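This is what each chain is made of:
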Amino acid sequence: MLLPWPELISGFSVLIAFVLLIPRRSRLISVVILCCFGCGLMWANWHADNRTLAALPANAEGSDLVVEGYLCDIPSPGLFNSVRFSFCVSRWVSLPSAADPLPDKLRLAWYGKQATRDLPHTQRLTVRLKRAHGSVNPAGFRYETWLYRHGFRATGTVREVTSLNAESCHIRCQYHRWRNVVAAELETRLGHTAYYPLIEALLIGQRGQMTPAQWRVLQDTGTIHLVAISGLHIGLIAIGLGLLARWFLLRLPQHWLAPSRRRAIAFSLVIAGSITYALAAGFTVPTRRALMMVIIAGWLVFRAGRTGPWAAWLLAVFVVLLFDPFAPLDRGFWLSFGAVMILILVFSARLSPPSSVTALVLAQCGVFAGLWPILALMDQPPAAMGWLANLVAIPWVSLVVMPVLMTGALLIVLVPATSSFVGQACDLVLGILWWFLELIASLPAPTLMSSFGIALVIATLMLAALLFPIPRLRLLAGTLVAVWLSTSFGFGGKEVNNPWVEKPELWVWDVGQGLSVLFRHQDQVLLYDTGPETPSGYSAVNSVVLPNLAYLGVRKINTLVLSHGDADHAGGLEELFEEMAVGQVLSGQPERLLADMSGAGLSSIGPCGSGRSFLVGGARVRLWQASPVLVGADSNDASCLVGIRYGDTAILLPGDISREVEQLYIEQVGFPAAQYRILIASHHGSNTSSGQRWIDAMAADDVIYSAGYRHRYGHPHQDVVGRFRAAGARQFNTAYSGALSFTLEGAEARVEEWRSKAPFWIRRVEDHWNAP
């Protein structure tokens, strides 16, 4: 719950009493503002309370459950030939007497040879579920927040599908059925085209078939908003319908309709068409937000401009929050309303309207600068070439691509035989767009990661230069920004340095089923493994490692150690080398990595080299690897072990070694005498590792498991947890603690579990996995 109701009402009463002390002249405005704030807070609290209560019972996780309901989105292809879709539950067959409300919306994946996107609309499913869960780190994308924001309170896999009688399908169910029919018909007619994923995204807002390469181009060029049905797309529909209505009404005799009646007809046509398109596009969060803004803008035109733009902007914010109190959890909420606010600021005070080209340049520069502080708060850098990409892409999409797609879709509806011709036209205009975006994405550009304060100063300077046409001011702003760029990103040959850290820090990132650990002291950084990467395009480097390195201010990895070549330990190397300066690279399997990652920019990887030693700040690091003659071809046993010693603290990172290699390490090296010992559990806590002799020899004070939540591998194994518990070790699991940070202070450490710092919709730290 956001806030307990008694405390909420008491706090609101105290604020009202405080307002009564304000002088009478200012009291009315203060009371109105306070009442709006209080009512909004209680409205959001009520919605949050209801959504938080609707959770899957803990004892139902991992069991086969039967549910009935219907598809509430368009199924899309997923990883390992799976099908992913959203399922709206109308009846829980297996849990009819649950004490608390059960989730009414599930995020599901169907694996196996029978998995197909041609699913029956109303279904009875046998599913295996787990509660909504995602990685929690100081920075980066939080899947659990995304699930909560979109109403998914459980996720899972499909075991069996049975079609249900369609007679039970109510109006919302019928809407989703209609949209799936539209999507299927669109794919039948245009699925043969080269750019069908983009066509589908632009026409009906379905982005499930877009490839990781396409997402990467859009991200690098700052044009992801082009494939999210937003104000641009619905605004184009509204403008087109408005021009069509104007053309028709001008041809009617003037005495037939009064001017106000003509505006009312045009307004009604624009709104009806915009709502129809929004429904076809899935009526998603950004679509609803854009629709509300278009309706309010249309109302302003209908009223002949008697309401100012700022009042309209505030009204749009109010309406969005009224119908969708969870909207602030969406980055798009802040970015879209922030962009509109900046455009109003740039253009509303101008005495005369600028030319079309000047307006486009002003808009792109203003939005690029103004959104920078917002992106900085989200730990997300703006695309350095985004202003240039959007300068061309927005008018091309607005004036060419969308008219061609809309006209083509209408033509196919009227004359289905024109599908081939329409497909060729769509490929032509989208091919030109994509050629340009790929060209921009290939250009070298710095990553504009900065603190909020610096981003705010830069944004203020750039917006001031746009608002006030004073040559000296613009010269000053341009000079200061150029100086900052040159000093911050190493232009001119300046060496890149990390911030100074007085006390050594150990970070174990929450990367799911994989491993990535960072150790730093003074201005030196050691990164051990980079976490998992999947064929779907997900990589822990992009989602976890890079955002959190930026959060810590790290700009150079002095030493990168890749324990071995498995994908859950050495994923995302290409992205890492593109975005981060890296010194020496060492691995237990250098030849394998060089062969597998030929496109990652790796020119050389040094061998682990047992006995190699170097310093990270004031800490001594020693490497060890079992002889290939003794361990054979097993990649796990080829792991490069890293031991770190600082004062009376010893840390060991053993990779995925088995019990046999653990025994070799004990015999050849052993764990040095230390007052405080930290151990990363071998192979994520697998029962093939962490034998009793290893546990006794290590005598660890703290043991850390880096594992996925309820992953099919079942790490850490309960026998391993039990052995460490019996040895008296304190145990942490990233699946339940989130990222872990250890700040070394003498012969002990200050430990922080980042799940304990998360907001209320993120599940708290849990320790039931460690119960006897």
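Residues numbered from 1 in each chain as written. Predicted model: local features only at pLDDT ≥ 70, side-chain atom pairs only at ≥ 80, totals over all residues. Heavy atoms only, no water.

As a further point, take the overall build of the protein. Looking only at helices and strands, one finds 25 helices and 21 strands in the protein. For the C-alpha atoms alone, the extent of the protein along its principal axes is close to 100 × 75 × 70 Å. Classification of the 772 residues of the protein by burial places 49% in the buried group. Carbon and sulfur atoms make up 63% of the accessible area of the protein, which totals about 35900 Å². (Helix = DSSP H or I, 4+ residues; strand = E, 2+ residues; numbered from the N terminus. Buried < 20%, exposed > 50% of the residue type's maximum accessible area, 1.4 Å probe, protein only. Areas by Shrake-Rupley, 256 points an atom, 1.4 Å probe, with all protein chains shown as cover.)

With that out of the way, let us pick up unusual backbone geometry. In the segment running from His715 into Pro716, the intervening peptide bond is cis, with an omega of -10°. Tracing the chain through its elements places Pro716 in the loop between strand E18 (702-705) and helix H24 (718-726). Positive phi, normally seen in glycine, also occurs at Gln522, with a value near 55°. On the basis of relative accessible area, Gln522 is assigned to the partly exposed category, the value being 26%. You will see that Arg710, though not glycine, has its phi angle at about 50°, which is positive. You can see Arg710 is positioned in the loop between E18 and H24.

This model, assessed by the stated rule, comprises 2 disulfides. Between the sulfur atoms of Cys169 and its disulfide mate Cys173 the distance is 1.9 Å. As the torsion about the S-S bond is roughly -105°, the Cys169-Cys173 disulfide counts as left-handed. The residues Cys169 and Cys173 share a single accessibility class, namely buried. Through a disulfide, Cys608 is tied to Cys640; the S-S separation comes to 2.1 Å. (Disulfide = S-S within 2.5 Å.)

The next subject is the nonpolar core. Of all hydrophobic cores here, the largest spans 46 residues; its most connected members are Leu190, Ile199, Ile234, Val401, Leu405, Leu430 and Leu437. Elements supplying a minimum of two residues to this core: helix H4 (171-190), helix H5 (196-204), helix H6 (212-220), helix H7 (231-250), helix H8 (259-280), helix H9 (285-302), helix H14 (386-414) and helix H15 (419-442). Per-element tally for this core: the top contributor is H15, with 9 residues. Setting aside its immediate chain neighbours within four residues, Leu190 contacts Tyr196, Ile199, Ile412, Ser419, Val422 and Gly423. Listed in part, the 29 residues of the second largest apolar core include Val517, Ile644, Ile678 and Leu740. (Core = buried A, V, L, I, M, F, W, Y, C linked by side-chain atoms within 4.5 Å. Contact = heavy atoms within 4.5 Å.)

Turning next to the packing of aromatic side chains. The full count for this structure, using the stated rule, is 21 aromatic pairs. Relative to Trp178, the ring of Tyr175 has its centre 6.2 Å away and its plane inclined at 35°; by these criteria the two rings are tilted. Here Tyr175 and its partner Trp178 are both found in helix H4, 3 residues apart, which amounts to about one turn of the helix. Tyr175 gets classed as buried once you look at its relative accessible area, which sits at 17%. Ring centres of Trp507 and Trp509 lie 5.2 Å apart, and the angle between their planes is 25°; on these two criteria the pair is classed as stacked. Take Trp507: its relative accessible area is 6%, and that puts it in the buried class. One aromatic cluster in this structure is built from Trp310, Trp313, Phe333, Trp334 and Phe337. Over the ring of Tyr713 we find Arg712; its NZ or CZ atom is 4.9 Å from the centre of that ring. Above the ring of Trp754, the side-chain terminus of Lys757 is found at 5.1 Å from the ring centroid. (Phe/Tyr/Trp six-rings, centres within 6.5 Å; stacked < 30°, edge-to-face > 60°. Lys NZ or Arg CZ within 6 Å of the ring centre and 35° of its normal.)

Moving on to the pairing of strand E3 (residues 83-92). Within E3, 7 of the 10 residues are buried, which leaves it mostly tucked inside the rest of the structure. The sheet contact formed by strand E2 (residues 76-77) and E3 spans 2 bridges and is antiparallel. Its bridge partner being in E3, Ser76 is matched across the sheet by Arg84. As consecutive antiparallel partners, E2 and E3 are separated by 5 residues, and within that stretch Phe80 has a phi angle of approximately 55°, a positive value. (Pairing = 2+ DSSP bridges.)

Turning to the sheet that holds strand E9 (residues 524-528), a few remarks are in order. Strand order in this open sheet of 8 strands is E12-E11-E10-E9-E8-E7-E20-E21, and the pairing throughout is mixed. Of all the strands in the sheet, just strand E12 (606-607) and strand E21 (748-753) have a single pairing partner and so form its edges. Packed onto the sheet, helix H18 (residues 540-552) meets strand E7 (501-508), strand E8 (517-522), E9 and strand E10 (556-562) and runs at close to 20° relative to E8. (Axes fitted to C-alpha atoms, helices over the stretch in contact; angles between N-to-C directions.)

When you line up the elements, Arg750 lands in strand E21. Sequence separation between Arg750 and Ala290 is 460 residues; the distance between their C-alpha atoms is 46 Å. Not counting residues within four places of it along the chain, the set of residues in contact with Arg750 comprises Ser741, Phe742, Thr743 and Glu745. A polar atom in the side chain of Arg750 sits 2.7 Å from the side chain of Glu745. (Polar contact = N/O pair within 3.5 Å; in protein donor to acceptor, adjacent residues only side chain to side chain.)

For the rest of this paragraph, the subject is the sheet that holds strand E16 (residues 649-653). Judged by pairing direction, the sheet is mixed, and its 7 strands sit side by side in the order E13-E14-E15-E16-E17-E18-E19 without closing on themselves. Two strands lie at the open edges of the sheet, namely strand E13 (613-616) and strand E19 (730-733), each paired on one side alone. The sheet shows a mean angle of 20° between the axes of neighbouring strands, direction not considered. Of the strand pairs in this sheet, strand E14 (residues 619-624) and strand E15 (residues 641-646) are connected by 5 bridges, and their pairing is antiparallel. Looking across to E15, one finds that Arg622 is bridged to Gly643. Relative to E14, helix H22 (residues 659-668) is tilted by about 125°, and along the sheet it contacts E14, E15 and E16.

Below, the discussion takes up H15. Between its first and last C-alpha atoms H15 spans 33 Å; for 24 residues at 1.5 Å apiece the expected length is 34 Å, and the two agree. For H15, the complete set of buried residues consists of Ser419, Val422, Gly423, Cys426, Val429, Leu430, Gly431, Leu433, Trp434, Phe436, Leu437 and Ile440. Looking at the buried side of H15, the elements it contacts are H4, H5, H6 and H14. (Expected span 1.5 Å × (residues − 1).)

Moving on, we get to H14. Bending of H14 peaks at approximately 45° at the position of Val397. Within H14, burial applies to Gly386, Ala389, Asn390, Ala393, Ile394, Val397, Ser398, Val401, Met402, Leu405, Gly408 and Ile412. (Bend = angle between axes of the 7 residues up to and from the residue.)

Okay, the pairing of E9 next. Taking burial as the measure, the 5 residues of E9 include 4 buried ones, the bulk of the element. In the sheet, E8 pairs with E9 via 5 bridges, with the strands oriented antiparallel. Within E9, the residue paired with Phe519 across the bridge is Leu526. With antiparallel pairing between neighbouring strands as the criterion, E8 and E9 make up a hairpin whose turn holds 1 residue. Across 3 bridges, the pairing between E9 and E10 is parallel. The partner of Leu527 across the bridge, within E10, is Leu560.

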